Amino acid sequence: TDQLDRLQQLADDDSTDMHADRPMAAVFRRAIDQVRPDFDDRTWQMFWRCVVDGQSTGAVADALQTSPSNVRQARCRVLRRLREQLSMPGFQEP
């Protein structure tokens, strides 16, 4: 969704002033905080390294001694859950 695209953009753009995007950053942080307990540490680490840190699937797989397909699957699972959370009625309201 647009929100996840924006999360990726914020993660990719080192020049972005996070304070200027504080309301959107707060929405992302709340969604992340709410879905984080749904995943084990390894799954979360695969997601975070790919989406937020911008590491390649292969690099994450090598670092965590797993297959690239496991990394893609973990990333997709977390992104799907974040999309669900962000699309809940009223979620983005304070």
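Anything mentioned here points back to the structure above.
Residues numbered from 1 in each chain as written. Predicted model: local features only at pLDDT ≥ 70, side-chain atom pairs only at ≥ 80, totals over all residues. Heavy atoms only, no water.

A few points about the overall build of the protein
From N to C terminus, the protein includes 5 helices and 0 strands. The helix and strand sequence of the protein, counted from the amino end, reads α-α-α-α-α. Sequence-distant contacts in the protein: of pairs separated by 6 or more residues, those separated by 24 or more amount to 55%. For the protein, the accessible surface area stands at approximately 5,700 Å², while carbon and sulfur atoms represent 47% of it. (Helix = DSSP H or I, 4+ residues; strand = E, 2+ residues; numbered from the N terminus. Contact = heavy atoms within 4.5 Å. Areas by Shrake-Rupley, 256 points an atom, 1.4 Å probe, with all protein chains shown as cover.)

Structural notes on helix α5 (residues 68–86)
Taking 1.5 Å per residue as the helical rise, α5 with its 19 residues ought to reach 27 Å, and the 27 Å between its terminal C-alpha atoms agrees with that figure. Where α5 is concerned, the buried positions are V71, A74, V78, L79, L82, Q85 and L86. Projected down its long axis, α5 carries its buried residues within an arc of 125 degrees, all on one side. (Expected span 1.5 Å × (residues − 1). Buried < 20%, exposed > 50% of the residue type's maximum accessible area, 1.4 Å probe, protein only. Arc of directions from axis to C-beta.)

Quick notes on the packing of helix α3 (residues 41–51) against α5
α5 packs onto α3 with a crossing angle of 85 degrees between their chain directions and a minimal axis gap of 8 Å. Between α3 and α5, the interaxial angle falls into the category roughly perpendicular. In this structure, α3 contributes T43, W44, M46, F47, C50 and V51 to the contact, and α5 contributes N70, V71, A74, R75, R77, V78, L79 and L82. The residue inventory of the contact of α3 with α5, partitioned by class, reads 10 nonpolar, 2 polar and 2 charged. (Axes fitted to C-alpha atoms, helices over the stretch in contact; angles between N-to-C directions. Parallel < 35°, antiparallel > 145°, perpendicular 65-115°, else oblique. Nonpolar A, V, L, I, M, F, W, Y, C, P; charged D, E, K, R; others polar.)

Focus: the packing of helix α4 (residues 57–64) against α5
It is at 8 Å that the axes of α4 and α5 come closest, and there the two elements cross at 110 degrees. It follows that α4 is roughly perpendicular to α5 by the angle criterion. Residue-level inspection shows T57, V60 and A61 of α4 in contact with α5, the latter providing P68, V71, R72 and R75. Its residues assigned to classes, the contact of α4 with α5 comprises 4 nonpolar, 1 polar and 2 charged.

Remarks on the pattern of salt bridges
Across all of its chains, the model carries 4 salt bridges by this definition. For R29, the salt bridge is made with D33, and the minimal N-O distance between the two is 3.5 Å. Of this pair, R29 and D33 both sit in helix α2 (residues 22–35), 4 residues apart, which is roughly one turn of the helix. Residue R29 is classed as partly exposed on the basis of its relative accessible area, which comes to 43%. Across the pair D38 and R81 runs a salt bridge, and its minimum N-O distance is 2.9 Å. On the criterion of sequence distance, the pair formed by D38 in the loop between α2 and α3 and R81 in helix α5 is long-range, its members being 43 residues apart. Taking relative accessible area as the criterion, D38 reaches 46% and is therefore assigned partly exposed. Three or more residues joined by partner-sharing salt bridges are found here, namely D38, R81 and E84. (Salt bridge = Lys/Arg side-chain N within 4 Å of Asp/Glu carboxyl O.)

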